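# Working through the structure, step by step
Take a look at the letters that make up each chain.
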Amino acid sequence: MEIGADVVVCGGGPAGIAAAISSARAGAETLLIEKNSSLGGVVSAGLLSVFGPLDDGDRLLDWERDRRIEKGLPLTPAMKTGNRIIGGIALEIVENLAKTGAAIDYGYGFIPVNPERLKRLSEEMAEAAGAKIFYETLLTGTVIEGRKIKAVETAGKSGMTRISGEIFIDATGDGDLSFLAGAPFEKGREKNGRMQGVTLVFWLGNVKMKSRFFTDRQQIEEANGLFGEYYREGKTKALHQVGCINVIPGMKDVVAVNTQHTHCIDGTVTADLTRALIAGRREVEEIAGLFRKHLKGFEEAFLLDTASMLGVRETRRIRGRYILTGEDVLQARDFEDSTGRNAYNLDIHLPDEPMEGGFLTPGTSYAIPYRCLLPAGIENLIVAGRCISTTHRAQSSVRIIPCCMVTGQAAGIAGAISARRGVLPGEIDTGILQNAVKDAGGII
């Protein structure tokens, strides 16, 4: 079977959602293919249930800021530093979810969201824009002519399908489309190829937690100390920490837990993914037991669900016309071809290895160059999400969900402009693209 569209978006995670909606709204016939059975990627199928910050405030003050807001206490001047620096599709989704009680947004920090409502909202927005969605569709290959993709090859219940297009957007997270098309890429830390740990997120039911996040520092420190002792004594098979725990808006006494880690995993290798999933489910049971024993409010908690999709932080980084660096991030650099902004810190999950991290100065943000979305060697391909062109360090900031949506929105608009005007993505006038992004609510 053969089908086609002006713009073909591969991957329905945060970047793919923003790309497909933006492309269709900009007037291009748009088709979105997704290997799973819902949109949202790690937020929904991965049960993460939280959006990263949309603001440029001080991340080190997030928990104390939450505590003060929830107790009705005034914020300090330092806590008030910062503004929304991410708008567009990401903000539109958060605001829509918040209106229906499916997100808890204080205007700062991380934002718990209801993944079931996110799935439906994403579909509603995509369909309203005119984009077509194909679920249960696995990308298997590409048809290349010269330096262009003519079609992608997919597999599903209907058999093999070839999908042709003018412009293709790689929003797969792992850079699968770019890889299959032959675009150059890097993986992992530059000196040894090591990639960040992967996580199997899970939900616990019957948890009594009043705040949107579990932020009791004393309990966390005491529990982490005990967990370390259990590990050294052989009572647990992995070193566990309390990690990030957030409520699920609209689900009484249900929390999402982002703490389990499996290291030395390559998320592009089937055997590694299998090993991580099996290890993750085993360790999740241990973590749930530790929480019941040591955390207040978790005494009668039970394991409600484990994610059907592994939380992979890092795999391929597709080499583009510019490689964003850690210094670009920390120095809050601007670029003439900016397509959006981000302000998240360097957040690298590599154990037992010294790694220079760092935070941006509160109130500052960095720009994401359009060149980072344009892969070398393939002229009608645009990349969005955590696999854009960066160094290992910079990727640890770029990978968060709102930033993936920022690059997805820019990619979708650029794809539509290219298809409508009959030009290649690298030939687009940057000013025209930036104006279109701003018209769509994006912040340059």
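Everything numeric here is computed off the predicted structure, so don't read it as measured data.

Rules used in this analysis
- Residues numbered from 1 in each chain as written.
- Predicted model: local features only at pLDDT ≥ 70, side-chain atom pairs only at ≥ 80, totals over all residues.
- Heavy atoms only, no water.
- Buried < 20%, exposed > 50% of the residue type's maximum accessible area, 1.4 Å probe, protein only.
- Helix = DSSP H or I, 4+ residues; strand = E, 2+ residues; numbered from the N terminus.
- Pairing = 2+ DSSP bridges.
- 1 Å grid on protein atoms, 1.4 Å probe; cavity = no way out; pocket = protein on both sides within 12 Å on 5 of 7 lines; lining within 4 Å.
- Points joined across faces, edges and corners; volume = space filled by probe spheres on them.
- Nonpolar A, V, L, I, M, F, W, Y, C, P; charged D, E, K, R; others polar.
- Polar contact = N/O pair within 3.5 Å; in protein donor to acceptor, adjacent residues only side chain to side chain.
- Phe/Tyr/Trp six-rings, centres within 6.5 Å; stacked < 30°, edge-to-face > 60°.
- Lys NZ or Arg CZ within 6 Å of the ring centre and 35° of its normal.
- Contact = heavy atoms within 4.5 Å.
- Axes fitted to C-alpha atoms, helices over the stretch in contact; angles between N-to-C directions.

For the rest of this paragraph, the subject is the pairing of strand 15 (residues 338-342). In terms of burial, strand 15 is largely enclosed, as five of its five residues are buried. Note that strand 15 and strand 16 (residues 366-369) share three bridges and pair antiparallel. Considered in strand 16, the bridge of Asn342 is made with Tyr366.

Now for empty space enclosed by the protein. Take a probe with the size of a water molecule and roll it over the atoms, and the empty space left behind shows itself. Summed over all chains, the structure comprises two cavities of 30 Å³ or more. By volume, the largest cavity is sized at about 90 Å³. Lining the largest cavity are 16 residues; nearest its centre among them are Gly87, Val406, Gln409, Gly442 and Ile443. Counting only elements with at least two residues in the lining of the largest cavity, the list comes to helix 4 (88-99), strand 15 and helix 11 (401-421). The dominant element in the lining of the largest cavity, judged by the number of residues it contributes, is helix 11, at four residues. Residue composition of the lining of the largest cavity, by class: nine nonpolar, six polar and one charged. If you add up the space inside the second largest cavity, you get close to 30 Å³. If you go around the second largest cavity, the residues you meet are Pro53, Asp55, Arg59, Asn342, Ala343, Tyr344 and Ile400.

Our next topic: the side chain of Arg212. Structurally, the position occupied by Arg212 is in the loop between strand 10 (202-205) and helix 7 (217-232). There is a polar contact of 2.8 Å between the side chain of Arg212 and the backbone oxygen of Ile104. A polar atom in the side chain of Arg212 sits 3.1 Å from the backbone oxygen of Phe110.

For the structure on display, the rule yields six aromatic pairs. Aromatic side chains Phe179 and Phe185 sit 5.8 Å apart centroid to centroid with 75 degrees between the ring planes, which places their arrangement in the edge-to-face category. Overall, the relative accessible area of 38% leaves Phe179 in the partly exposed class. Note on Phe185: relative accessible area 29%, which makes it partly exposed. Ring geometry for Phe214 versus Phe298: centroids 5.6 Å apart, planes at 85 degrees, classification edge-to-face. With a gap of 84 residues between them, Phe214 in the loop between strand 10 and helix 7 and Phe298 in the loop between helix 8 (270-294) and strand 13 (302-306) connect regions that are remote in the sequence. Neither Phe214 nor Phe298 differs from the other in exposure class; each is buried. Three or more aromatic residues joined by ring pairs make a cluster, and in this case those are Phe214, Phe227, Phe291 and Phe298. It is Arg316 that lies over the ring of Phe179; its NZ or CZ is 4.1 Å from the centre. Note that Arg316 overlies the ring of Phe185, its terminal NZ or CZ placed 5.6 Å from the centroid.

Mapping Thr391 onto the fold places it in the loop between strand 17 (381-383) and helix 10 (392-398). Given a relative accessible area of 18%, Thr391 falls into the buried group. Within the structure, the side chain of Thr391 is placed 3.2 Å from the backbone nitrogen of Ala394, a separation counted as a polar contact. Contacts of Thr391, omitting those with residues within four sequence positions, involve Glu190, Arg317, Ile323, Leu324, Thr325 and Gly326.

Read across the sheet, four strands follow the order 11-12-10-13 without closing on themselves; strand pairing throughout is antiparallel. The sheet is open, and its two edges are formed by strand 11 (244-247) and strand 13, each paired on a single side. Strand-to-strand twist across the sheet, computed as the mean angle between neighbouring axes with direction ignored, equals 30 degrees. Where strand 11 lies against strand 12 (residues 255-258), four bridges are found, and the strand directions are antiparallel. Residue pairing for strand 12: Cys244 is matched across the bridge by Asn258.

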